[in-house]
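Breakdown of the fold
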Amino acid sequence: MPFYPEAVLEDLRGHATEIRDFAEDEEQTVERYREALRDALDEYNASPLRRELGPGRYPGALPTAEWDENDSPTIPFDESASWDNHEAVNEYAKDVLEGVTTMAAAGSELGPTDEFTVPLGLVQVAWNANHHHEEGDYEEGINTRILGPNAVTQESDEEDGIRYTDGRAPGHERYRDEGETVIDCIEEFSDLDPPPVVIYDGPLVPTFANTYSPEVRDSYYRRTMSKVLAASEYHGVPVVGYSAGSSRTNIAKLLRRTYRERLRDEPFVADSRILEGFTRHWGDRSQVFVHRQDGTIDAMEANYRGEEYEFATDVLFGYLDIPDGDAMDYLEFPGWVLREDLVDYVFDVVRAEAGVGRGYPEIVQQADANAVLDADAKRRFLALIQNFAEEEDLPIEWNVKNLSKERRRR
């Protein structure tokens, strides 16, 4: 379908005033949240505020010991104040990362295939570990897994024996495989000193999975990430969930609960918008808070190597200001990192990785590049299935209807 830019531009001009007013109103709202945050730091100590908010009511966030230790919601990274080029970032990153192992795992999926009469899928997860030695000690690997027809279909609720293709099944399987790969990396490199750091591409508390059925949500997402958190604590290997440019509202929710009358009529704004008013330099970070956004966190528990772990109030989050993105980046990590006084160490490592990657952790970018399954991979996957079916005399035939549809789109 053609695009008519002249007509769109003319209509867009009619919205200029609306857009300008919207932006100005939002900035005023953000400033009111900032004022509330300043007042909260001045009026409350951490323990009374935690008791007043109460974890059972999901206040979004709870303050940690850093609340009482700092006059500002952000902790400055003054070292970068004098930097005027990216070479300074690289020098900092080199000093921080030398001898520190960083790890990441990322996945990709294909399917379910609708080109054949039998649906299939493929999951591929890449992992890498950069030991940051002068000799360039670097390890990586790929795990691939075929998803058979039963894995990518589900039975009809009508009990008529019909199985329907589940388009989201490969994504569920990929998520679980990513988690298992992270655990493998933690177990393999846990003896290193200083402790290695795993940077996971995404949050550790899978609130996004609440849109799935309870069975899928629990078995694929909550249990997977609970086990990752348990393995992290058992082996003393920090794992960080990294989300670039987050629009989360945990701190905003805390402020709305603290000042109900004052902020009752204000719309929610992103935490990063609130915190940006307190940052000064590249690499500034926020205080860390306890994650209490919704009931997902209460379900985070696992048994790992005979020990029971519960994470209802034991996952922390914070924000990191790495310019070149749309907003401050959002980090989650297990509570033991704070108890072991490793928060600054973790932020330093993530800050350095993001500096090398020019706004996004380099180790994550590498894993993602190794894992991606593109259009060419799909063509080769389909050809492999066809050849395999012929060799094994399997009843896998081209789906004539979908094949015809694909040809018309070309």
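Residues numbered from 1 in each chain as written. Predicted model: local features only at pLDDT ≥ 70, side-chain atom pairs only at ≥ 80, totals over all residues. Heavy atoms only, no water.

This part takes up the overall build of the chain. Per the secondary structure count, the chain includes 15 helices and 15 strands. The C-alpha atoms of the chain give 24 Å as radius of gyration, which agrees with the globular expectation for 410 residues (22 Å, within 12%). Its C-alpha atoms put the chain at 75 × 60 × 50 Å along the principal axes. Long-range pairs, those at least 24 residues apart, make up 73% of the contacts in the chain with a sequence separation of at least 6. Entry remark: accessible area of the chain is about 20900 Å², with carbon and sulfur atoms responsible for 45%. For the chain, the distance from the average site of its 42 positive side-chain charges to the average site of its 86 negative ones is 7 Å. (Helix = DSSP H or I, 4+ residues; strand = E, 2+ residues; numbered from the N terminus. Rg over C-alpha atoms; globule rule 2.2 N^0.38 Å. Contact = heavy atoms within 4.5 Å. Areas by Shrake-Rupley, 256 points an atom, 1.4 Å probe, with all protein chains shown as cover. Lys, Arg positive; Asp, Glu negative; His and termini not counted. Charge placed at Lys NZ, Arg CZ, Asp CG, Glu CD.)

Inspection of the entire model under this criterion finds 30 salt bridges. Two residues, Glu 115 and Lys 378, come together in a salt bridge whose shortest N-O distance is 3.1 Å. Of this pair, Glu 115 sits in the loop between strand 3 (102-110) and strand 4 (121-130) while Lys 378 is found in helix 14 (residues 375-392), placing the two residues 263 residues apart along the sequence. Given a relative accessible area of 34%, Lys 378 falls into the partly exposed group. Here Asp 376 makes a salt bridge to Arg 379, at a shortest N to O gap of 3.5 Å. Within this pair, Asp 376 and its partner Arg 379 are both found in helix 14, separated by three residues, close to a single helical turn. One network of salt bridges, in which partners are shared, links Glu 26, Glu 27, Glu 31, Arg 34, Arg 38, Arg 273 and Glu 276. (Salt bridge = Lys/Arg side-chain N within 4 Å of Asp/Glu carboxyl O. Buried < 20%, exposed > 50% of the residue type's maximum accessible area, 1.4 Å probe, protein only.)

Below, the discussion takes up a nonpolar patch on the surface. A surface patch of nonpolar side chains, about 270 Å² in accessible area, is lined by Leu 9, Leu 12 and Ile 19. Note on placement: Ile 19 falls in helix 2 (residues 16-43). (Patch = residues over 30% accessible without salt bridge, like charges linked within 9 Å, V, L, I, M, F, W, Y side chains within 5 Å.)

Once that is clear, we can look at the packing of helix 5 (residues 86-97) against helix 12 (residues 343-356). At a minimum axis distance of 9 Å, the contact between helix 5 and helix 12 shows a crossing angle of 140 degrees. Taken together, the axes of helix 5 and helix 12 are oblique relative to one another. In the crossing of helix 5 with helix 12, the sense of the turn from one axis to the other is left-handed. Residues His 86, Val 89, Asn 90, Tyr 92, Ala 93, Val 96 and Leu 97 of helix 5 form the contact with helix 12, whose participating residues are Asp 348, Val 349, Arg 351, Ala 352, Glu 353, Gly 355 and Val 356. Classifying every residue of the contact of helix 5 with helix 12 gives eight nonpolar, three polar and three charged. (Axes fitted to C-alpha atoms, helices over the stretch in contact; angles between N-to-C directions. Parallel < 35°, antiparallel > 145°, perpendicular 65-115°, else oblique. Left-handed = near helix turned anticlockwise from the far one by under 90°. Nonpolar A, V, L, I, M, F, W, Y, C, P; charged D, E, K, R; others polar.)

Here we take up helix 7 (residues 214-235). Taking 1.5 Å of rise per residue, 22 residues should cover 32 Å, and helix 7 covers 30 Å from first to last C-alpha, within 8% of that figure. Along helix 7, the largest kink reaches about 30 degrees and is centred on Arg 222. Positive backbone phi, at 70 degrees, marks Gly 236, one or two positions downstream of helix 7. (Expected span 1.5 Å × (residues − 1). Bend = angle between axes of the 7 residues up to and from the residue.)

On the secondary structure map, Arg 292 appears in strand 11 (residues 289-292). Owing to a relative accessible area of 2%, Arg 292 belongs among the buried residues under this scheme. Polar contacts involving the side chain of Arg 292 include one to the main-chain carbonyl oxygen of Ala 312, which spans 2.7 Å. (Polar contact = N/O pair within 3.5 Å; in protein donor to acceptor, adjacent residues only side chain to side chain.)

A few words now on the packing of helix 6 (residues 169-189) against helix 7. In the contact formed by helix 6 and helix 7, the axes pass within 9 Å of each other and the chain directions differ by 10 degrees. Compared by their axis directions, helix 6 and helix 7 come out roughly parallel. Seen from helix 6, the contacting residues are Gly 171, His 172, Glu 173, Tyr 175, Arg 176, Gly 179, Val 182, Ile 183, Ile 186 and Glu 187; seen from helix 7, they are Val 216, Ser 219, Tyr 220, Tyr 221, Thr 224, Met 225, Lys 227, Val 228, Ala 231, Ser 232 and His 235. Its residues placed into classes, the contact of helix 6 with helix 7 shows ten nonpolar, seven polar and four charged.

Here we come to the environment of Ile 322. In this structure, Ile 322 sits in the loop between strand 14 (315-320) and strand 15 (329-334). By relative accessible area, which is 4% here, Ile 322 ends up buried. Residues Ile 322 and Arg 256, spaced 66 residues apart in sequence, show a C-alpha to C-alpha distance of 27 Å. Not counting the four nearest positions on each side in its chain, Ile 322 is found in contact with Trp 282, Gly 283, Asp 329, Arg 351, Ala 354 and Gly 359.

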